[in-house]
Amino acid sequence: MKEARLPTIDDKLAPYGRLAKYWFPVAWSSDIVDKPHPVQLLGTPVVLWRYDGRVVAFYDLCIHRGTPLSLGRVSAQGELICAYHGWHYDSEGSCTWIPSRDPSRAIPPKARAHRFHAEERYGLVWVCLDSPDTDLPIFPPEIGSDEFYWRATNDDIWACNAARFVENMMDTSHFAWVHPGIFGTEDKPIVKPFDVYETDAGLHYECVEPIGHMVVPDGPHIRSYELTLPFMILFRTRQPDRSEIEVTWYVCSPLDSKTTRFFQFFLRNYDHPMAPETRRELIRTIQSQDRRMVEAQRPEELPLDLREELHLHGPDDVAVRYRKRLASLGIDWS
């Protein structure tokens, strides 16, 4: 019987299609200091470390005996040292020293770490596991505007598929049932028609939410949605005839097909009338309500064959367009 082999990087990435060519955030820049930092992306273990101030990303496995490189340390010269046999790797992935081997003997060319593309921007570390065919995403212009002086960030890991997460954030017909009294009420569940526009990057649409929590208590909201493929969603929220604006941006990183880490950015151009802790508790409540739903959905991976779930014209128009765009990326969760 042929012995089973460990899956290769190509094996791990095969189900994700073109997702491997996209940039995803995997850590806050401030988290990467003077020691190896393990993360996961698209089912692939990655180790991050700094060399001469730059973040380097390797496949988190030493080619010698399959030990995670993240168990090692960074030398004073800035090289990554495997914890098991002390192999040293430079920032390009080349093994520079095998301590147990006579130094007069050449190091085998195969003695290398597999390096991934890594960049830092907006306080995040971004990794691409294949040759990138997209640029790093452009942050919302509000990020660079002094007008939006109130700012906060958040991140979390949910036991759900990244596409399930994003589709929930795009959906408005669940408000009356999942967020009663916060974004909707069960006596007014009908979603008013709105136009959905295709863009090169994704989708754009705007709709009215019957209840919101900005300046006018329980007044209606107008929320603009911008989806950037594959897993980024931006909200701009305002109330009719008012200049106050809230910006919320979710940037999602699929750890694997059933686990998602998201990085969240909040911006406002006004001081919210709610007490800060009351506002924070409201946001925690909203997210826990959403989390309960998306972590319970089955199948866990978002079905990209439109025949697998029932879709309604009107309320599900955004979801149908999103699934079609994702399917074009060659994803096969199965």
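Chemist: Let's hear about the sheet that holds strand β5 (residues 73-74): which residues, and what values?
Modeler: Pairing is antiparallel across the open sheet formed by four strands, whose spatial order is β5-β6-β7-β8. Taken across any chain shown, the strands that pair with only one partner, and hence form the sheet edges, are β5 and β8 (95-97). Where strand β6 (residues 80-81) meets strand β7 (residues 88-89), two bridges bridge the pair, whose relative direction is antiparallel. Bridge pairing links L80 to Y89 in β7.

Chemist: So what about the pattern of salt bridges? Which residues, and what values?
Modeler: A side chain with one charge can pair with a side chain of the opposite charge if their charged atoms come near. The final tally for this structure, using the stated rule, is 23 salt bridges. E209 is the salt-bridge partner of R223, the closest N and O atoms lying 3.3 Å from each other. Pair noted here: R223 is in strand β14 (residues 221-228) and E209 is in strand β13 (residues 202-209), with a separation of 14 residues, a long-range link. Residue classification places E209 among the buried positions, given a relative accessible area of 1%. Connected through shared salt-bridge partners, R164, E167, E309 and R323 make up one network.

Chemist: Mind laying out the packing of aromatic side chains, listing which residues take part and the relevant values?
Modeler: Using the criterion set out here, one finds 21 aromatic pairs in the structure. Here the aromatic rings of F139 and F265 are separated by 5.1 Å at their centres, their planes lie at 80°, and the arrangement is edge-to-face. Of this pair, F139 sits in the loop between β10 (124-128) and β11 (150-158) while F265 sits in strand β17 (residues 259-268), placing them 126 residues apart in sequence. F265 shares its class with F139; the two are buried. Residues F175 and F183 carry aromatic rings whose centres are separated by 5.3 Å and whose planes lie at 45° to one another, so their mutual orientation is tilted. Each member of the pair, F175 as well as F183, carries the same accessibility label: buried. By way of ring pairs, the aromatic residues W158, F165, F194, Y205, Y225, F235, Y250 and F262 are connected into one cluster. The ring of F183 is capped by R223, whose NZ or CZ atom sits 5.2 Å from the centre of that ring. The aromatic ring of Y270 is capped on one face by R268, whose charged end is 5.4 Å from the ring centroid.

Chemist: Go over the packing of helix α2 (residues 162-170) against helix α5 (residues 317-327), please, and point to the residues and values.
Modeler: Between α2 and α5, the shortest axis-to-axis distance is 10 Å and the interhelical angle comes to 150°. Overall, the two elements α2 and α5 adopt an arrangement that is roughly antiparallel. Crossing of α2 against α5: the hand is right-handed. Between α2 and α5, the contacting residues are A163, R164, V166, E167 and M170 on the first element and V318, A319, Y322, R323 and L326 on the second.

Chemist: Residues and numbers for α2, please.
Modeler: Three- or four-residue spacings in an α-helix give side chains the same orientation, since the helix completes a turn every 3.6 residues. Summarising burial for α2: nine of the nine residues are buried, a large majority. Taken together, the buried positions of α2 are occupied by A162, A163, R164, F165, V166, E167, N168, M169 and M170.

Chemist: Can you lay out the nonpolar core for me, pointing to particular residues and giving the numbers?
Modeler: Among soluble globular proteins, nonpolar side chains are generally buried collectively. Counting residues in each nonpolar core, the largest one holds 59 residues, and the members touching the most others are L48, V127, F231, Y322 and L326. Core analysis: the second largest hydrophobic core is formed by 16 residues, W28, W126, C128 and L136 among them.

Chemist: A description of the pairing of strand β2 (residues 37-41) should follow, citing residues and the corresponding values.
Modeler: Alignment of β2 against strand β3 (residues 44-51), held across five bridges, turns out to be antiparallel. Paired with Q40 across the strands is P45, a residue of β3. Connecting β2 to the next strand, β3, in antiparallel fashion are two residues, including L42 with a positive phi near 50°.

Chemist: Lay out unusual backbone geometry in plain terms, naming residues and giving numbers.
Modeler: Most peptide bonds take the trans form, and the phi angle of most residues other than glycine is negative. Residue P230 is reached from L229 by a cis peptide bond, and omega for that bond is 0°. Topologically, P230 is positioned in the loop between β14 and β15 (232-238). A cis amide bond, omega -5°, links R298 with the succeeding residue P299. Note on placement: P299 falls in the loop between α4 (276-294) and α5. Look at D52: it is not a glycine, yet its phi comes out positive at around 55°. Relative to the helices and strands, D52 is located in the loop between β3 and β4 (54-59).

Each value, and the rule that gives it
- Residues numbered from 1 in each chain as written.
- Predicted model: local features only at pLDDT ≥ 70, side-chain atom pairs only at ≥ 80, totals over all residues.
- Heavy atoms only, no water.
- Pairing = 2+ DSSP bridges.
- Helix = DSSP H or I, 4+ residues; strand = E, 2+ residues; numbered from the N terminus.
- Salt bridge = Lys/Arg side-chain N within 4 Å of Asp/Glu carboxyl O.
- Buried < 20%, exposed > 50% of the residue type's maximum accessible area, 1.4 Å probe, protein only.
- Phe/Tyr/Trp six-rings, centres within 6.5 Å; stacked < 30°, edge-to-face > 60°.
- Lys NZ or Arg CZ within 6 Å of the ring centre and 35° of its normal.
- Axes fitted to C-alpha atoms, helices over the stretch in contact; angles between N-to-C directions.
- Parallel < 35°, antiparallel > 145°, perpendicular 65-115°, else oblique.
- Left-handed = near helix turned anticlockwise from the far one by under 90°.
- Contact = heavy atoms within 4.5 Å.
- Core = buried A, V, L, I, M, F, W, Y, C linked by side-chain atoms within 4.5 Å.

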